[in-house]
Amino acid sequence: MTTAITRIEGTALPLRGDDVDTDRIIPARFLVSVTFEGLGEHAFEDDRKAARDRGVSHPFDDPRFSGARILLVNRNFGCGSSREHAPQALWRRGFGAIAGGSFSEIFFGNSVAIGMPCVTLSGEAIAELMDLVSNAPSTRLTVDIPSRTMAAGGKTFPLSLPENAREAFLTGRWDGTSMLLERFEEVEAVASRLPYLRDF
Amino acid sequence: MGETLFQKTWDLHAVRRLPTGQTQLFVGLHLVHEVTSPQAFEMIRRRGWTVPFPSRTVATVDHIVPTRDVARPFRDPQAEEMLTELEKNCRAFGIPLHGLGSDRQGIVHVIGPELGLTQPGMTIACGDSHTSTHGAFGALAFGVGTSQVRDVLASQCLALDPLKVRRIDVEGTLSPGVYAKDVILAIIRRLGVKGGVGYAYEYGGSAVDRMTMEERLTLCNMSIEGGARAGYVNPDATTVEYLRGRLYAPRPELFARAASWWLSRASDPDAPYHDRVRFEAAKIEPAVTWGINPGQVVGVTERIPKPSDVSDNAREAVSEALAYMGFGGGEPIRGTRIDVAFIGSCTNGRLSDLREASRVAKGRRVAPGVKALVVPGSQAVRAAAEREGLDVVFREAGFEWREPGCSMCLAMNPDRLEGQQVCASSSNRNFKGRQGSPTGRTLLMSPAMVAAAAVAGEVVDVRTMLR
């Protein structure tokens, strides 16, 4: 069903700040729905409004960054609520990858499951990339999964991606349910040995 | 060398090593609610999959349910659609649902324990980050996203990487007026909101050993706020006695055997830990958050930090939080005026929480201009509280007594802050906009501290109100 993901290429959007939680990425009122459709336009809705009220432009409303494929963030991005609506909103807005200082585990896993790699770079590299993109928004960046590198502005930065996730993207196994069903007899074997499923 | 509960539980539930290198882990109990499941069921249908272990999934409704008028259909048509969708999905796939109208309905992390579904040595998953709560029983409980809800429905498994285990000892005795909520906020304050990424937190030490199950639930609940995906307490006699006689607990003739297996799940005395951290219970005081994440917290007798108090790399975050909260920095947290008081949530919506809050409320009045609500965590909590007359105590003091649900913890129902209101809240997150108003402000604290703030109209030290 799924396809390999090897390289994400395009312009980038810098979003500064540590500990950006998923309530900020997509406020809870947009979760009152039975589908993920339409979430993209509400990404960072309240932060964007707060910026407008202060008379500044939120990066998500800055036309210089429209159409960006790669989101640049700082540390502990996606902390808080486990809502998959958060990576869904970013993915539906057009991002194919997120590059940052670090990610919350649940957000990272949710992003793998929808085929959107979250790659980690050093704090210095992220700062340099954010400055580069802020000064020259048309700069094209490339996240290359096989070589674990990010290329931008004639430079190459090493990135890290856990081997499991890298393997999942390269083999197309990131959409994991089929893989979990491959050897169902082994699942049944585990179920049959659990004391709490067999009257102890 | 012995093993931790984490290792024992992980190994027992491991199906195989996946081609990606992750472990395929069997999920013993899957809890479902209305918000993170509809898209998962839809994917199951589209792919033509089934739910092979429907009795190992249990559903309830909590996030969107109104707490005042629960008559169907709801006034919010989208909320009504979400409930209808869950009811339809549970019927179609044979999944038990403790829905609206059932006396077993409530917040998913409150009903799992009280129905006896949550048991030691299990793996548990739920599409909700506060699933870490269930670790209080010595279960390994993971919050997951919707794609993983789909994985568990279709295969009863998750693909996961193992976690490191950090042992956190809380030694000594908590002072009166200091609660499990204050302990976990002290832990997050020291270890940070991202300090637990990659870890499961194992809580122990004499203060934790003495905690009731409800206190342990509060402690484990906020593990995720420290970045730890899972947190747990080793099962002991307190755990076993809590489970005895619960609806889904083992039958009496099996109970002794079950109990001995549960106790065997505890970490061995010589189990290896990645690292250990120690806290002195006596040094912990009632805690109040002043910022926009749960690590931005001080004791009630302390002052709010100034940007100049902190290191260079933290200064910007402190300034941002102060600006959002409307604090100048350097002022005492005590005396901060509040507009709303919220007692409830999966962190602090249980009977003992309501009892402690009612001790403060009894014979006092909510301050003029403060809106105060008490939202029990479940129908069972509500019924038990009403049997003790707690509803009367709260009502007489001017609190609103509501129907169970998640309510103002995340404001997906009509219970919301307005404008820049300041809310003293017994919930778990003080993120920007968390309680429903994009500019609303949250001060996290224990339920007793919330009750004290409600009657004073400002943050006060609850210890001055408890006799």
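The structure displayed is predicted, hence computed values, not measured ones. (Residues numbered from 1 in each chain as written. Chains lettered and ligands numbered in written order. Predicted model: local features only at pLDDT ≥ 70, side-chain atom pairs only at ≥ 80, totals over all residues.)

1. So, the overall build of chain A
The cut-off we apply is this: Put simply, DSSP marks the helices as runs of H or I at least four residues long and the strands as runs of E at least two long, and each gets a number from the N terminus on. To sort residues by burial, count the other C-beta atoms lying within 10 Å of each one's C-beta; a count of 20 or more means buried, 12 or fewer means exposed, and anything in between means partly exposed. C-beta atoms are built from the backbone. The contact rule is simple: place each C-beta atom from the backbone, and if two of them lie within 7 Å, those residues are in contact.
In terms of regular secondary structure, chain A is built from 8 helices and 8 strands. Each principal axis of the C-alpha atoms in chain A carries an extent, and together these give about 65 × 40 × 30 Å. Scored against the burial criterion, the 200 residues of chain A give a buried share of 46%. Residue pairs in contact within chain A that sit at least 24 positions apart in sequence constitute 70% of those at least 6 positions apart.

2. A look at the environment of Phe77 of chain A
Residues and elements named next belong to chain A. In this fold, Phe77 is placed in the loop between β3 (70–72) and α3 (85–92). Given 29 C-beta atoms within a 10 Å radius, Phe77 is considered buried. Through-space distance from the C-alpha of Phe77 to that of Ile25 is 9.7 Å; in sequence the pair is 52 residues apart.

3. As for the domain arrangement of chain B
Accessible area lost upon the coming together of the parts is a frequently used measure of interface size. All names here are of chain B. Note the following rule: Where each domain begins and ends follows an automated or database-derived domain assignment. All residues other than Ala, Val, Leu, Ile, Met, Phe, Trp, Tyr, Cys, Pro, Asp, Glu, Lys and Arg, Gly among them, are scored as polar; the first ten of these are nonpolar and the last four charged.
Here the domain parsing of chain B yields domain 1 (5–160), domain 2 (164–236 + 265–283) and domain 3 (287–464). Computed from C-alpha coordinates alone, the two centres of domain 1 and domain 2 are separated by 25 Å. With 21 residues of domain 1 at the contact, the number on the domain 2 side is 20 residues. Elements with a contribution of two residues or more to the side of domain 1 that touches domain 2: α1 (5–13), α4 (108–114) and β7 (140–143). In terms of residue class, the side of domain 1 that touches domain 2 is built from 10 nonpolar, 10 polar and 1 charged.

4. Side note on the sheet that holds β3 of chain A
Residues and elements named next belong to chain A. Condition: By the convention used here, strands pair only if DSSP detects at least 2 bridges between them. Only the contacting stretch of a helix is used when fitting its axis, a line to C-alpha atoms as for every element, and angles between N-to-C directions run 0 to 180 degrees.
In spatial order, the strands read β2-β3-β4-β5; together these 4 strands make up an open sheet with parallel pairing. The open sheet is flanked by β2 (12–14) and β5 (118–120), the only strands paired with a single partner. The mean angle between the axes of side-by-side strands here comes to 20°, regardless of whether they run parallel or antiparallel.

5. Some remarks on the nonpolar core
Here is the rule: Joined through C-beta atoms within 7 Å, a set of buried Ala, Val, Leu, Ile, Met, Phe, Trp, Tyr and Cys residues constitutes a nonpolar core.
Ranked by internal contacts, the top residues of the largest apolar core, which has 159 residues, are Val288, Ala341, Val450, Ala453 and Ala454 of chain B. Ranked by the residues each element gives to this core, the list is headed by helix α16 (residues 447–456) of chain B, at 9 residues. Sequence-distant contacts of Val450 of chain B, that is, excluding residues within four places in its chain, are made with Ala341, Phe342, Ile343, Ala357, Ala424, Ser425, Ser426 and Met445 of chain B. Ranked by size, the runner-up nonpolar core spans 52 residues in total, among them Ile5, Leu15, Ala97 and Phe103 of chain A.

6. Focus on the sheet that holds strand β16 (residues 371–374) of chain B
The pairing of strands in a sheet happens through backbone hydrogen bonds and is either parallel or antiparallel. Residues and elements named next belong to chain B. Strand order in the open sheet formed by 5 strands is β17-β16-β15-β18-β19, and the pairing between neighbours is parallel. Looking at the sheet topology across the chains shown, the edges are occupied by β17 (400–401) and β19 (441–444). With 4 bridges connecting them, strand β18 (residues 422–425) and β19 associate as parallel partners. Paired with Cys423 across the bridge in β19 is Thr442.

7. A look at the packing of helix α6 (residues 180–191) of chain B against helix α8 (residues 213–221) of chain B
Residues and elements named next belong to chain B. Put simply, the rule is: When describing relative orientation, an angle under 35 degrees is termed roughly parallel and one over 145 degrees roughly antiparallel, while 65 to 115 degrees is termed roughly perpendicular and anything else oblique. Rotating anticlockwise by less than a right angle from the far helix to the near helix defines a left-handed crossing, while the corresponding clockwise rotation defines a right-handed one.
Taken N-terminus to C-terminus, the directions of α6 and α8 make an angle of 25°; their axes are 8 Å apart at the nearest point. Here α6 lies roughly parallel to α8, going by the angle between them. The chirality of how α6 crosses α8 is right-handed. Facing α6, whose interface residues are Ala180, Lys181, Val183 and Ile184, α8 presents Glu215, Thr218 and Leu219. Tallied by class, residues from the contact of α6 with α8 come to 4 nonpolar, 1 polar and 2 charged.

8. Describing helix α5 (residues 123–135) of chain A
All names here are of chain A. Stated formally: Every helix has an expected span of 1.5 Å times one less than the residues it contains. Regarding the arc, it is the one traced by the directions from the helix axis to the C-beta atoms.
Here α5 is 13 residues long and its end C-alpha atoms lie 18 Å apart, about the 18 Å a rise of 1.5 Å per residue gives. Looking at α5, one finds that the buried residues are Ile126, Leu129, Met130 and Val133. Down the axis of α5, the sector holding all buried residues measures 100°, keeping them to one side. Of the exposed residues in α5, the ones pointing more than 90 degrees away from its buried face are Glu124, Asp131 and Asn135. On its buried side, α5 packs onto β2, β3, β4 (97–100) and β7 (149–152).

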